[in-house]
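Descriptive analysis of the structure
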Amino acid sequence: MKKPLTVGVDIGGSKINVGLVDHNGRILAAHKTNFIASKKPDEIIADIQTGVNMCLNNAGEEAEALGIGVAAQVDRKGVVLGSQNLGWKNVPLKKKLEKQFGLPVAVTNDVNAATLGEWRFGSGKGVDDLAVLFVGTGVGGGVITGGKLLAGCTNSGGELGHITIVCEGRKCHCPNRGCLEAYVGGWAIAERAQEAVRTSPKDGQRLVSLAGSVEKVTAATVSQAYREGDLLAQRLVEETGHYLVAGVVSIVNAFNPCVLVLGGGVIEGIPELIQIVKESVQRRALEAAVEGLKIVKTALGGDAGVIGAAALAQDLLKQAS
Ligand SMILES: [Zn+2]
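Residues numbered from 1 in each chain as written. Predicted model: local features only at pLDDT ≥ 70, side-chain atom pairs only at ≥ 80, totals over all residues. Heavy atoms only, no water.

A separate point is the coordination of the zinc ion. Ligation of the zinc ion by protein atoms is provided by His162 (ND1), Cys172 (SG), Cys174 (SG) and Cys179 (SG), these donors lying 2.0 to 2.4 Å from the ion. Metal-centred angles of 104 to 118° between the four donor atoms at the zinc ion mark the site as tetrahedral. Spacing between the donor residues of the zinc ion along the chain follows H-x9-C-x1-C-x4-C. Of this pair, His162 sits in the loop between strand 11 (148-149) and helix 4 (181-184) while Cys174 sits in the loop between strand 11 and helix 4; the two residues are twelve residues apart in sequence, bridging distant segments of the chain. (Donors = N, O, S within 2.8 Å, 3.2 Å for Na, K, Ca; no water. Tetrahedral: all angles 85-135°; square planar, octahedral: opposite > 155°, others 65-115°. Helix = DSSP H or I, 4+ residues; strand = E, 2+ residues; numbered from the N terminus.)

Dropping the structure here:
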């Protein structure tokens, strides 16, 4: 009998990725939509519909369930409680999509979906204790412990980007100060770089000339200048590594994963961070916590969210059968 295909959808702050995925985590057809401003739920649903139609038509196949990962807090019933990125509050996304598509739908947080993708088909395949840390514009994570995704009391567990690494440190986008994200998230690297340039304009000349102005210096500018051997960029990368290590040591000590997967735009842009983390975490985490620990890069990259969301839909079908 032919194994069912499912559709995975990854809704970020500015893009919707849709993929038709088989039971081996292989993407058979994909569609990507970018949008600039925040969109109303019904507009996003219309975009998802377009993406799904394109994928099914291109592959000449049918899908039996839909999985969604959305950059938001999602409860166990598939209600989006809130999303800073999308400006949503209390949106019953699962219900709306089930009505629209007439298919079973599973909805989760985008990072949890990506964690599931890496666990089933990526760098964490076959591992029951896994931590995944995505360092992009924001910093998100997911934890698999004893073969289960850590959900927590209100389904918001595994927010690894918001562990405190500096008491009373830099202001985060959450209510706290000194979070890991407030130092190593793309937005935070940009802020730190701009401050460094303002403090030492001479040292920051290369960053400014690459970006066009101080305000335009981003994490990508830092990565580019770092490649060219710029000294200030080098210092910023070293500091970023230092903060990332602090976060990873806490994660490793708290969850004792067998594998820690690092991914996201910042890691893709500055892959040297993986080596920095590997060396220092080995020295600084509890001995028992690093015994047998592997620190690796994501295998699925930007597709982890779509593949993980589709896997969630596969689980839904298995539960129903
Ligand atoms: Zn925070």
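Attention now moves to the side chain of Thr108. By the element assignment, Thr108 lies in strand 8 (residues 105-109). In this structure, Thr108 is in contact with Ile68, Gly69, Val70, Val74, Ala113 and Leu312, ignoring residues within four places of it in sequence. (Contact = heavy atoms within 4.5 Å.)

This part takes up the nonpolar core. Soluble, globular proteins show a tendency: their nonpolar side chains are buried together. Among the nonpolar cores identified, the biggest contains 52 residues, and Leu133, Leu244, Val252, Leu260 and Val281 are the most heavily contacted of them. At ten residues, helix 8 (residues 231-255) tops the list of elements feeding residues into this core. Setting aside chain neighbours within four positions, we find Leu260 in contact with Ala131, Val248, Ile251, Val252, Leu293, Lys294, Ile295 and Val296. In this structure, Leu66, Leu93, Leu97 and Val107 belong to the second largest nonpolar core, which totals 30 residues. (Core = buried A, V, L, I, M, F, W, Y, C linked by side-chain atoms within 4.5 Å. Buried < 20%, exposed > 50% of the residue type's maximum accessible area, 1.4 Å probe, protein only.)

This part takes up unusual backbone geometry. One non-glycine residue, Glu168, adopts positive backbone phi at about 55°. Take Glu168: it is sitting in the loop between strand 11 and helix 4. Within the chain, Asn256 stands out as a residue other than glycine whose phi angle is a positive 45°. Secondary-structure assignment places Asn256 in the loop between helix 8 and strand 12 (259-263).

Next up on the list: the pattern of salt bridges. Tallied over the full model, the rule gives 14 salt bridges. Residues Lys94 and Glu98 are paired through a salt bridge, measuring 3.0 Å at the closest nitrogen-oxygen approach. Highlighted residues: Lys94 and Glu98, both in helix 2 (residues 93-101), separated by four residues, approximately one helical turn. The class for Lys94 is partly exposed, based on a relative accessible area of 23%. Classification of Glu98 by relative accessible area gives partly exposed; the value is 28%. (Salt bridge = Lys/Arg side-chain N within 4 Å of Asp/Glu carboxyl O.)

Let us now look at helix 5 (residues 186-199). For helix 5, which comprises 14 residues, the first-to-last C-alpha distance of 20 Å matches the rise-based estimate of 20 Å (1.5 Å per residue) to within 8%. Summarising burial for helix 5: ten of the 14 residues are buried, a large majority. Listed in full, the buried residues belonging to helix 5 are Gly186, Trp187, Ala188, Ile189, Ala190, Arg192, Ala193, Gln194, Ala196 and Val197. Looking at the buried residues of helix 5, the elements they touch are helix 4, helix 6 (205-211), helix 7 (219-227), helix 8 and helix 9 (265-269). (Expected span 1.5 Å × (residues − 1).)

Structurally, the position occupied by Gly178 is in the loop between strand 11 and helix 4. Leaving out residues up to four positions away in the same chain, Gly178 has contacts with Ile163, Thr164, Ile165, Val166, Gly169, Arg170 and Tyr183.

The three strands are arranged 5-6-7 in an open sheet whose pairing can be described as antiparallel. Each end of this open sheet is capped by a strand with a single partner; those strands are strand 5 (73-74) and strand 7 (88-91). Here strand 5 runs beside strand 6 (residues 80-83); their pairing, made up of two bridges, is antiparallel. Of the residues in strand 6, the one forming a bridge with Gln73 is Gly82. (Pairing = 2+ DSSP bridges.)

Spatially, five strands are ordered 11-10-9-12-13 in an open sheet, and the strand pairing comes out mixed. Looking along the sheet, the strands with just one partner apiece sit at the ends: strand 11 and strand 13 (294-297). In this structure, strand 10 (residues 139-145) lies alongside strand 11, joined through two bridges in antiparallel fashion. Bridging across to strand 11, Ile144 finds its partner in Leu149. Sitting on the sheet, helix 8 touches strand 9 (130-135), strand 10 and strand 12, and the angle it makes with strand 9 is about 160°. Across the face of the sheet, helix 10 (residues 272-284) comes into contact with strand 12 and strand 13 while running at roughly 175° to strand 13. (Axes fitted to C-alpha atoms, helices over the stretch in contact; angles between N-to-C directions.)

This part covers the packing of helix 8 against helix 10. Remark: helix 8 packs on helix 10, axes separated minimally by 9 Å, with the N-to-C direction vectors making an angle of 50°. Of the possible angle classes, the one that applies to helix 8 and helix 10 is oblique. Between helix 8 and helix 10 the crossing geometry is right-handed. Of helix 10, the residues touching helix 8 (which contributes Val237, Thr240, Gly241, Leu244, Val245, Val248, Val249 and Val252) are Leu273, Ile276, Val277, Ser280, Val281 and Arg284. Considering only residue class, the contact of helix 8 with helix 10 consists of ten nonpolar, three polar and one charged. (Parallel < 35°, antiparallel > 145°, perpendicular 65-115°, else oblique. Left-handed = near helix turned anticlockwise from the far one by under 90°. Nonpolar A, V, L, I, M, F, W, Y, C, P; charged D, E, K, R; others polar.)

In this fold, Leu20 is placed in strand 2 (residues 15-21). According to the relative accessible area criterion, Leu20 is buried, its value standing at 0%. A sequence separation of twelve residues divides Leu20 from Gly8, and the C-alpha atoms of the two residues are 6.5 Å apart. What Leu20 contacts, discounting residues up to four positions off in sequence, is Leu5, Thr6, Val7, Arg26, Ile27, Leu28, Ala29, Cys55, Leu56, Ala59, Glu61 and Ala63.

Read these as geometric descriptors, not functional statements.
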